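A look at the structure
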Amino acid sequence: MLNTFQQARHAVLPDATPEEAARQEFVKSLKHFIQQGILPGLGPIYRTRATKRFEKETGSAPSDRHDIRKAMVPDTYFQHYAAVNRISQELLWDSVIDSIDREGEGLVERAEEAAATNKGTLRIDEAFQVPKYVSSLDIHCMPGGYAGRPGNDDLRLGALYDRGVFLYAMGYTGPDNDDMGRSVCLYIKSRLGDFKPRRILDMGCTVGHSTLPYKELFPEAEVWGIDVGGPQVRYAHARAGGMGLDVNFAQMNAEKIDFPDGHFDLIVSHILLHETSGKAMPQIFKECHRLLSPGGFMIHADLPPFDLMDPFTQFILDNETYYNNEPFWGAMRDLDQIKLAREAGFPAETIRFDTAPMAVMMFAESEAAGYSQDAADSVAERDFVAGEFAPGGGWEVLIAQKQA
C-alpha cells in the first residue's frame with residue numbers, strides 16, 4: 001500500500017543521501033512532537049497561571065487573541081514552545097538545502113529534461129516586478145523567499161519549496177504534495193454535479209502541486225498556474241512534465257492578470273489569500289470576477305476566518321504571524337471575505353464558506369483512493385483542533401459563482 005505520509009519521487013525532486021534523509025525525517029518528527037506533545041500544554045497554562053497573572057495585572061480577564069498573547073508571552077512554557085517551533089522551521093530548510101547544493105547543476109539538467117516533455121506553455125516575464133509584500137521578507141523563513149532576488153531565475157528555489165513544504169506539513173499534503181488541490185477537486189466532483197470547466201486558473205500556484213489534480217480531474221481542460229515567483233513556475237513546469245501532465249504556467253500577479261475577460265470557467269487558489277496584503281485581496285477578488293465566464297466558480301481554499309474560532313484557537317494560529325514570517329496571516333482572517341466577494345460583483349446568494357475534507361485523511365481512513373461521500377462527511381464533522389495542519393481534517397473553502 002502507498003505510504004500516504006512519505007513524499008513520492010518525481011523527476012525534479014532533490015535526491016537525499018541517507019544522512020540527509022535522516023535529518024529531514026528528524027525535522028518532520030520534531031514538528032509532529034511540537035504539535036502533539038508541546039502545543040496541547042498551552043491550554044492548561046493559559047487557563048491557570050497566565051489568565052490569573054493577566055487578571056491581577058489588568059483587573060479583567062483576557063477578551064480576545066491579543067489579550068491572550070499578552071497573557072501568554074511572559075510564560076516560560078510558551079516561550080519554550082515558540083522557540084522550539086521557530087528552530088524547527090529553520091532546521092527544516094537547512095535539512096533540504098544540503099541535498100540541493102550537493103546536486104547542483106545535475107538538478108537543473110534533470111529539470112530541463114522534464115520541462116521538455118511538458119507540452120504546456122511556460123511564460124516568464126523578465127521585467128516582472130514582484131509585489132513588496134512578497135519580496136520584502138522570506139515567507140515561512142524560507143531562505144531566498146518564494147520569488148528569490150531580482151533577476152534570479154534559479155529554479156532550485158522551487159525544489160527547496162517542494163520538499164520543504166512537505167516537511168512543514170508533516171506529510172499531510174500527501175505523497176504528491178497535492179492534498180489541497182486534490183481535496184478541492186473531490187469537493188467539486190461531489191458538490192458541483194456535472195460542472196466541467198473548459199479553462200482553469202490556479203492563482204499563487206508556487207510549484208504547481210495543487211494545480212495538477214485539476215488536469216487529472218478535467219483532462220480536456222486548459223489548465224494554468226500563475227505565481228509571482230519565476231523560480232517557482234519554472235520548477236512547476238518541469239515538475240508537471242516529469243509527472244506526465246501538460247499544464248501551462250506563467251509568472252503573473254493575481255492582482256492584474258494577462259488574460260481576457262471571461263476566459264476561465266474555474267478559478268482556484270490554495271493558501272494564497274493569507275500571503276497577500278489587505279490592499280491586494282479586494283483586487284484579487286475583482287480579477288476573479290472579471291476573468292470568470294458567466295456561471296463560473298471562484299474557490300479559495302485556506303484556513304477558516306477568525307470569527308469561526310474561539311479566541312484561544314485564534315491566538316494559537318496567529319503565532320504564524322509573529323514567529324514564522326507570515327505578516328498577513330492574522331490580518332487576512334479578520335477581513336470580511338464574503339463582503340469582499342460581494343463588492344467584487346458576485347451575487348450574495350452564491351457566496352459561502354464550506355469545508356473540503358482532506359483527501360489524504362479520507363485515503364488514510366478508508367484505505368482506498370476512491371472518493372466516498374460518507375467518508376467525506378465523517379471527516380468534515382470533526383471538531384476544529386488547533387495545531388493540526390488542516391484543522392478539523394478539512395480545508396475551509398470560500399465559494400462564489402458569477403451570474404450566469
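Predicted model only: the values in this text are computed from it and were never measured. (Residues numbered from 1 in each chain as written. Predicted model: local features only at pLDDT ≥ 70, side-chain atom pairs only at ≥ 80, totals over all residues. Heavy atoms only, no water.)

A closer look at helix H15 (residues 337-344)
Rule in force here: Partly exposed residues are those whose accessible area sits between 20% and 50% of the maximum for their type, while under 20% is buried and over 50% is exposed, using a 1.4 Å probe and protein chains only. Helix numbering and strand numbering both begin at the N terminus, where a helix is a DSSP run of H or I of at least 4 residues and a strand a DSSP run of E of at least 2. Relevant arc is that of directions from the helix axis to the C-beta atoms, nothing else. Whether two residues are in contact is decided by their heavy atoms: any pair within 4.5 Å suffices.
Among the residues of H15, those classed as buried are Gln337, Leu340, Ala341 and Ala344. An end-on view of H15 places all buried positions within 100° of arc, on one side of the element. Buried residues along H15 sit against helix H11 (280-291), strand S6 (292-302), helix H14 (329-334), strand S7 (352-357) and strand S8 (394-401).

Quick notes on the packing of aromatic side chains
When we look at a pair of aromatic rings, we describe it by the centre distance and by the angle of the planes. Using the following cut-off: By convention, a stacked pair of Phe, Tyr or Trp rings (six-membered ring in the case of Trp) has centres within 6.5 Å and planes under 30 degrees apart, an edge-to-face pair has planes over 60 apart, and any other such pair is tilted. Working rule: Lys NZ or Arg CZ, within 6 Å of ring centre, within 35 degrees of ring normal, means a charge sits over the ring.
In this structure the tally under the stated criterion is eleven aromatic pairs. Pairing Phe78 with Tyr323 gives two aromatic rings, centres 6.1 Å apart and planes at 55°, and the pair type is tilted. Within this pair, whereas Phe78 is found in helix H4 (residues 76-103), its partner Tyr323 is found in helix H13 (residues 319-323), the two being separated by 245 residues in sequence. By relative accessible area, Phe78 is classed as buried at 1%. For Tyr323, a relative accessible area of 27% puts it in the partly exposed group. Connected via pairs of aromatic rings, a cluster forms that spans Tyr46, Phe78, Tyr81, Phe312, Phe315, Tyr322 and Tyr323. A cation over an aromatic ring shows up here: Arg333 above the ring of Trp329, its NZ or CZ 4.3 Å from the ring centre.

Regarding the pairing of S6
Where a strand is regular, its side chains alternate between the two sheet faces. To keep things clear, this is the line we draw: In short, DSSP must find at least two bridges between two strands for them to pair. Handedness is read with the strands pointing away from the viewer; a crossover is right-handed when the path from the first strand over the helix to the second is clockwise.
S6 sits mainly inside the fold: ten of its eleven residues count as buried. Bridge count between strand S5 (residues 264-270) and S6: six bridges; the pairing is parallel. Within S6, the position partnered with His270 by the bridge is Ala301. Traced from S5 through H11 to S6, the parallel crossover comes out right-handed. Where S6 and S8 come together, six bridges link them in antiparallel fashion.

Focus on the sheet that holds S8
For the record, the criterion: For helices, the axis comes from a line fit to the C-alpha atoms of the stretch in contact; other axes are also lines fit to C-alpha atoms, and the angle between any two N-to-C directions lies between 0 and 180 degrees.
With mixed pairing, the eight strands of this open sheet are ordered in space as S1-S4-S3-S2-S5-S6-S8-S7. Strand pairing shows two members of the sheet lacking a second neighbour, strand S1 (122-123) and S7, which therefore form its edges. Relative to the sheet, helix H10 (residues 230-242) contacts S1, strand S3 (222-227) and strand S4 (248-251), its axis offset from that of S4 by approximately 170°.

Here's the deal with H10
Threshold: Helix span, expected: 1.5 Å multiplied by one less than the number of residues in the helix.
Taking 1.5 Å of rise per residue, the 13 residues of H10 would be expected to cover 18 Å, and the 19 Å separating its terminal C-alpha atoms lies within 8% of that figure. Most of H10 sits inside the fold, with eleven of its 13 residues counted as buried. Burial in H10 covers these residues: Gly230, Pro231, Gln232, Val233, Tyr235, Ala236, His237, Ala238, Arg239, Ala240 and Gly241. Looking at the packing, one finds that the buried side of H10 touches helix H5 (105-115), S1, helix H7 (156-168), helix H9 (212-217), S3 and S4. Of the residues one or two after H10, Gly244 is the one with positive phi, at around 80°.

Describing a nonpolar patch on the surface
Quick note on the threshold: Only residues whose relative accessible area exceeds 30% and that form no salt bridge are eligible for patches; like-charged ones are grouped when within 9 Å, while nonpolar side chains (Val, Leu, Ile, Met, Phe, Trp, Tyr) are grouped when within 5 Å. Only the protein chains shown count as covering a residue, and every accessible area follows the Shrake-Rupley method with a 1.4 Å probe. Salt bridges are defined by distance alone: a side-chain nitrogen of Lys or Arg within 4 Å of a carboxyl oxygen of Asp or Glu.
Judged by side-chain polarity, Phe26, Ile87 and Leu91 come together as a nonpolar surface patch covering roughly 270 Å² of accessible area. Looking at the element boundaries, Leu91 is found in helix H4.

Observations regarding the nonpolar core
Where we set the bar: Only buried residues count toward a nonpolar core, which is a set of Ala, Val, Leu, Ile, Met, Phe, Trp, Tyr and Cys residues joined through side-chain atoms within 4.5 Å.
Counting 37 residues, the largest nonpolar core has Ile188, Tyr214, Phe249, Leu266 and Ile299 as its most contacted members. Among the elements of the structure, helix H8 (179-191), H9, H10, S5, S6, helix H16 (359-366) and S8 are those that each provide at least two residues to this core. The element best represented in this core is H8, accounting for five residues. If we ignore the near neighbours within four places in the chain, the residues touching Ile299 are Val184, Ile188, Leu192, Leu266, Ile267, Val268, Ser269, Val397, Leu398 and Ile399. One finds Ile100, Leu137, Val165 and Tyr235 within the second-largest nonpolar core, a separate group that totals 33 residues.

Remarks on the pattern of salt bridges
Counted under the stated rule, the structure contains 23 salt bridges. Arg156 is the partner of Asp154 in a salt bridge, and the nearest nitrogen-oxygen pair spans 3.0 Å. With relative accessibility at 24%, the residue Asp154 sits in the partly exposed group. According to the relative accessible area criterion, Arg156 is partly exposed, its value standing at 24%. A salt bridge links Asp178 to Arg182, with the nearest nitrogen and oxygen atoms 2.7 Å apart. Note on Arg182: relative accessible area 27%, which makes it partly exposed. Residues joined by salt bridges that share partners form a network here, namely Arg9, Asp15, Glu103 and Arg110.

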